[in-house]
Amino acid sequence: MNAKPPGTAPQPDAGGCTACTPPEQAEAASRQVVQPDKTALINRLRRIEGQIGGIAGMVRDDRYCVDILTQLSAVRSAINALSIRLLENHARGCVRRAVQENGGDETLEELMGIIRKMIR
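Quick caveat, the model's predicted, so the values are computed rather than measured.

## Topic: the overall build of the protein
Along the protein, the regular secondary structure elements total three helices and zero strands. N-terminal to C-terminal, the α/β element order of the protein is α-α-α. Counting all 120 residues of the protein, 24% fall into the buried class. Split by element, the accessible area of the protein, about 8700 Å² in all, is 55% carbon and sulfur.

Here it is, written out as structure tokens:
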């Protein structure tokens, strides 16, 4: 069920952590991670791109304002769902690991900052 796409870095055991595993070759200072469900995330982003393209076409075609606003609402919902999925991966991966390794104060503050931005 959690099959990894070919070419992804193996994930070390981090107390059950299955998300946000740093790639082995990355420098410690770099903030890159291997997303556990990268293919699904990319597919969602492509669908959102398609929706945006459709909205641009609606504007070009002088479609009814309410129809355009309805599609914009759908895009906002799709972006919010993607954001929540990434936030969950981050909390279950990077944040969990930081708490286990060093108490995670800095990482928890970073998490709270991004949550504050998301709810504005």
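## What about the nonpolar core?
As a rule of thumb, nonpolar side chains are buried together in soluble globular proteins. By size, the foremost hydrophobic cluster in this structure holds seven residues: Leu41, Ile48, Ile55, Met58, Ile68, Val75 and Leu82. For this core, the elements supplying multiple residues, two or more each, are helix 1 (38-60) and helix 2 (65-102). When residues of this core are assigned to their parent elements, the largest contribution, four residues, is made by helix 1.

## Here's the deal with the packing of helix 1 against helix 2
Put simply, helix 1 and helix 2 touch, their axes get as near as 10 Å, and they point 165° apart. In terms of orientation, helix 1 and helix 2 fall into the roughly antiparallel class. Classified by chirality, the crossing of helix 2 by helix 1 is left-handed. Contact with helix 1, carried on its side by Ala40, Leu41, Arg44, Leu45, Ile48, Gln51, Ile52, Ile55, Met58 and Val59, involves Asp67, Ile68, Gln71, Leu72, Ala74, Val75, Ala78, Ile79, Ala81, Leu82, Arg85 and Leu86 of helix 2 and no other residues of that element.

## Brief notes about the packing of helix 2 against helix 3 (residues 105-118)
Running from N to C, helix 2 and helix 3 point in directions that differ by 165°, and their axes come no closer than 10 Å. The angle between the axes of helix 2 and helix 3 places the two elements in the roughly antiparallel class. Between helix 2 and helix 3 the crossing geometry is left-handed. Judged by residue contacts, Ser83, Ile84, Leu87, His90, Cys94, Val95, Ala98 and Val99 of helix 2 engage Thr107, Leu108, Glu110, Leu111, Ile114, Ile115 and Met118 from helix 3.

## Describing a nonpolar patch on the surface
A contiguous nonpolar patch, built from Ile84, Ile114, Met118 and Ile119 and spanning about 360 Å² of accessible area, is present on the exposed surface. Residue placement: Ile84 occurs in helix 2. With relative accessibility at 42%, the residue Ile84 sits in the partly exposed group.

Criteria and cut-off values
Residues numbered from 1 in each chain as written. Predicted model: local features only at pLDDT ≥ 70, side-chain atom pairs only at ≥ 80, totals over all residues. Heavy atoms only, no water. Helix = DSSP H or I, 4+ residues; strand = E, 2+ residues; numbered from the N terminus. Buried < 20%, exposed > 50% of the residue type's maximum accessible area, 1.4 Å probe, protein only. Areas by Shrake-Rupley, 256 points an atom, 1.4 Å probe, with all protein chains shown as cover. Core = buried A, V, L, I, M, F, W, Y, C linked by side-chain atoms within 4.5 Å. Axes fitted to C-alpha atoms, helices over the stretch in contact; angles between N-to-C directions. Parallel < 35°, antiparallel > 145°, perpendicular 65-115°, else oblique. Left-handed = near helix turned anticlockwise from the far one by under 90°. Contact = heavy atoms within 4.5 Å. Patch = residues over 30% accessible without salt bridge, like charges linked within 9 Å, V, L, I, M, F, W, Y side chains within 5 Å. Salt bridge = Lys/Arg side-chain N within 4 Å of Asp/Glu carboxyl O.

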